[in-house]
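# Coordinate analysis (summary)
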Amino acid sequence: MIILVGLNHRTAPLAVRERLFAGCEEEKNLLPEFLAIDGVAEVLFLSTCNRVEVVAVIDDNPETAEKLKKVLMKKGGLMDGEATCLYIYRDDEAIKHLFRVTASLDSLVMGEAQILGQVKDAYRQALAQNSSGVALNRLMHRAFRTAKRVRTETEIAANPVSVSFAAVELAKKVLGTLTGKKILVIGAGEMAELTGTHLIGNGAEDITVVNRSIVQAAAMAEKFHGRAAGLDNLDDILSCADIVISSTGAPSYIITESMIRRALSKRKNRLLFLIDIAVPRDIDPAVDNIENVYLYNIDNLQNIVDENIKNRRREALKAEKIVEEEVKLYSNWLKELEAVPTIISLRTKAEGIVRAEMEKAQGWINSMENADKEKIEALVKGIVNKILHAPVTALKEEKVEFDSPDIVAAVRQLFRLDD
Amino acid sequence: MTEVELKLFVLAGICVTASTIGYLLSLVVKKVQLARLSTWILLGGFVFLALSLILIASHSTGWSNFGSRCFLSLYAWAISGIYLGMQIKTKTRVLGAFVAPLILLFIIAAAGQQSDKNLVPLPWQGWLTTLHLLLAIAGEALFVLAAAAGAMFIIQDNLLKHKKPGKMSRFLPSLGDLDRINQSGLLWGFVLLTFGMIAGALYAAFVWEGRWFSDPKIIWALATWVVYGFLLHQRLAIGWKGFRMAALSCVVFVLFFISALAIRFYLPTIHSFI
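Since we're looking at a predicted model, the values are computed, not measured.

Rules of the game
- Residues numbered from 1 in each chain as written.
- Chains lettered and ligands numbered in written order.
- Predicted model: local features only at pLDDT ≥ 70, side-chain atom pairs only at ≥ 80, totals over all residues.
- Heavy atoms only, no water.
- Helix = DSSP H or I, 4+ residues; strand = E, 2+ residues; numbered from the N terminus.
- Rg over C-alpha atoms; globule rule 2.2 N^0.38 Å.
- Buried < 20%, exposed > 50% of the residue type's maximum accessible area, 1.4 Å probe, protein only.
- Contact = heavy atoms within 4.5 Å.
- Areas by Shrake-Rupley, 256 points an atom, 1.4 Å probe, with all protein chains shown as cover.
- Lys, Arg positive; Asp, Glu negative; His and termini not counted.
- Charge placed at Lys NZ, Arg CZ, Asp CG, Glu CD.
- Pairing = 2+ DSSP bridges.
- Axes fitted to C-alpha atoms, helices over the stretch in contact; angles between N-to-C directions.
- Core = buried A, V, L, I, M, F, W, Y, C linked by side-chain atoms within 4.5 Å.
- Domains from an automatic or database assignment.
- Salt bridge = Lys/Arg side-chain N within 4 Å of Asp/Glu carboxyl O.
- Polar contact = N/O pair within 3.5 Å; in protein donor to acceptor, adjacent residues only side chain to side chain.
- Nonpolar A, V, L, I, M, F, W, Y, C, P; charged D, E, K, R; others polar.

### Topic: the overall build of chain A
Across its full length, chain A holds 15 helices and 10 strands. The C-alpha atoms of chain A give 32 Å as radius of gyration, which overshoots the globular expectation for 419 residues (22 Å, by more than 25%). Expressed as a percentage of the 419 residues in chain A, the buried residues total 48%. Long-range contacts, defined here as pairs at least 24 residues apart, represent 70% of the contacts in chain A between residues at least 6 apart. Carbon and sulfur atoms form 54% of the exposed surface of chain A, whose accessible area is close to 20,700 Å². Looking at chain A, you have 55 positive and 62 negative side-chain charges, and the mean spots of the two groups are 3 Å apart.

Have a look at this one:
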């Protein structure tokens, strides 16, 4: 059976997650320890800052799952009272949970892309240490396929859900590529810094930081390898910038309509994108009426983010359906897999009977022409295969549809496979 | 038109119709994959049209078979070629939603013409007139592209100014890309049209007698040249960029398009074969 034991940001407080994460990190390689537990056949271990999970293929003994849980508790130094932080999912529930995690439906920020990479790393580690076998390999490939389907068939990750990323997306919509674009940051606020970092990450190169205090401006400029300037030079710098982010604590407008008109005339009306994340606002809203100037304030950005979050929730419903489909596909495959040993025994037994009977009949068969011998052999094999076809198909179907262990037992008993 | 040429033309027509429907549908469902697929279908139309035109032009009699149907097809071919060429660089697939219907319009107009009517008079045919026609048509095709980019710019500008960067805004190309396409269309369109007109004028000056420059189509072309030259000057030297240039390219294109139709159908012109 497939089992998943672990905890995440929903079930465990930060302090517990920290302890378990640190405990697991300390011992770089936990896979041998899990594999050493009796009844554990295959195992994968995933550890991120928000979740620690063990996915394993184990026997039917209920003790095995408890043993896995105990290893995790020991690693995190978890008290008995904290055991409730850990969850154990079995079979379809475990498969579903893993698929949801990989598709980023269970993440703190739903739809974020990092988790897929982390699961892939965990799988790579399992492969490197041979702790993954037939069932787990197929499970992980299905999980990656599910994640890919969720990404391509839904818009769960299409739109940014943070103000700074929303600002970057807008900048791209206005200016096209950000490569080589010049940024002006006014004020030394945290949000401005974050947005600046994202813009640079997307190709913007030239950054100038302007602040009332030149020392603070220089400190931030240094982080971006940019330039620092005082507020007096604002007019000149404005005419060069393509993106302006303002977040000062000034009580009145720092950028007025006339300043933008002057800057625009100097820059021959090239497109200009302004982000005003200050409260009270730094940029006169009248600026937005100027042609080729696009001004977004904190409320505008927040509205976009809210809309995107709503959209993600809507898309998550579609994603859950994909997960359900994929869980069913894997689960069916797994059930079929359980019938495989019986099918193999059945075929081996039939082949044995054919071989024995053919040997018994060697006396009169040998007196025949070679061509006739082959025909008889083919005929016998054909009859046996036809007879076996119905029970083998029924066995697979019954396993998939009803997961009935009785059918396997019945077939084994009917054909005396265990004798 | 031989049977093969006609079949190729029909195939091109089917491709352009399918890609137009695909592009317009992509605007409705806002799926870029559909626009991408439509671009490939349009490429098919472009190839069929090219084959059909090459076959017609390679007859032993020179391109004496070139009439209205061929010239209108040549417009469709030039617009698709320039749009597809631009796609290699900018990847603004969605722009096809505005360009493909115009290509389809030319194909329909071409299909409506009889292939053996309005042929270019045989004595006029030569390398100078070939150059004149090719350059002028390519130049005008570039203006079509500038107008399409302009129209899309206006929609995107409206969405971004009204703080509605929803699905539609995400689906449309960025303002920066559209403005660049508009500039390239105007610049190269003007350059090609200028050379095309010089070639035509040289031919007319040496071969024709009389007041050829009072032909309505030539006056129209001169007006086009002056107005687009003015727009280009304002754009490059004065800095009329973005919204203003997008709106002007659309208005100017519509005015010239309508006046070209009026000249074609209501006035006597030596360019009646186009």
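From this point on, the discussion continues.
### Some details on the sheet that holds strand β10 (residues 293–297) of chain A
Residues and elements named next belong to chain A. Reading across from one edge, β7-β6-β5-β8-β9-β10 is the order of the 6 strands in this open sheet, with parallel pairing throughout. Looking along the sheet, the strands with just one partner apiece sit at the ends: β7 (227–229) and β10. Here the average twist between neighbouring strands, direction ignored, is 15°.

### Things to note about the nonpolar core
The biggest cluster of nonpolar side chains holds 110 residues, and the ones touching the most others in it are Leu199(A), Ile243(A), Ile245(A), Phe273(A), Tyr83(B), Leu95(B) and Tyr228(B). Ranked by residues supplied to this core, first place goes to helix α5 (residues 127–161) of chain B with 16 residues. If you look at the next biggest cluster of nonpolar residues, it comprises 65 residues, including Cys24(A), Val101(A), Ala135(A) and Leu136(A).

### A word on the domain arrangement of chain B
Residues and elements named next belong to chain B. Per the domain assignment, the segments making up chain B are domain 1 (1–115) and domain 2 (120–274). Distance from the C-alpha centre of domain 1 to the C-alpha centre of domain 2: 19 Å. Listed per partner, the contact involves 29 residues of domain 1 and 33 residues of domain 2. Linking domain 1 with domain 2 are 0 salt bridges, by the criterion used here. At the junction of domain 1 with domain 2, the criterion picks out 1 residue pair in polar contact (both at pLDDT 80 or more). Going through the elements one at a time, α1 (3–29), α3 (68–90) and α4 (96–111) are the ones with two or more residues in the side of domain 1 that touches domain 2. The element contributing the most residues to the side of domain 1 that touches domain 2 is α3, with 10 residues. When grouped by side-chain class, the residues that make up the side of domain 1 that touches domain 2 number 19 nonpolar, 8 polar and 2 charged.

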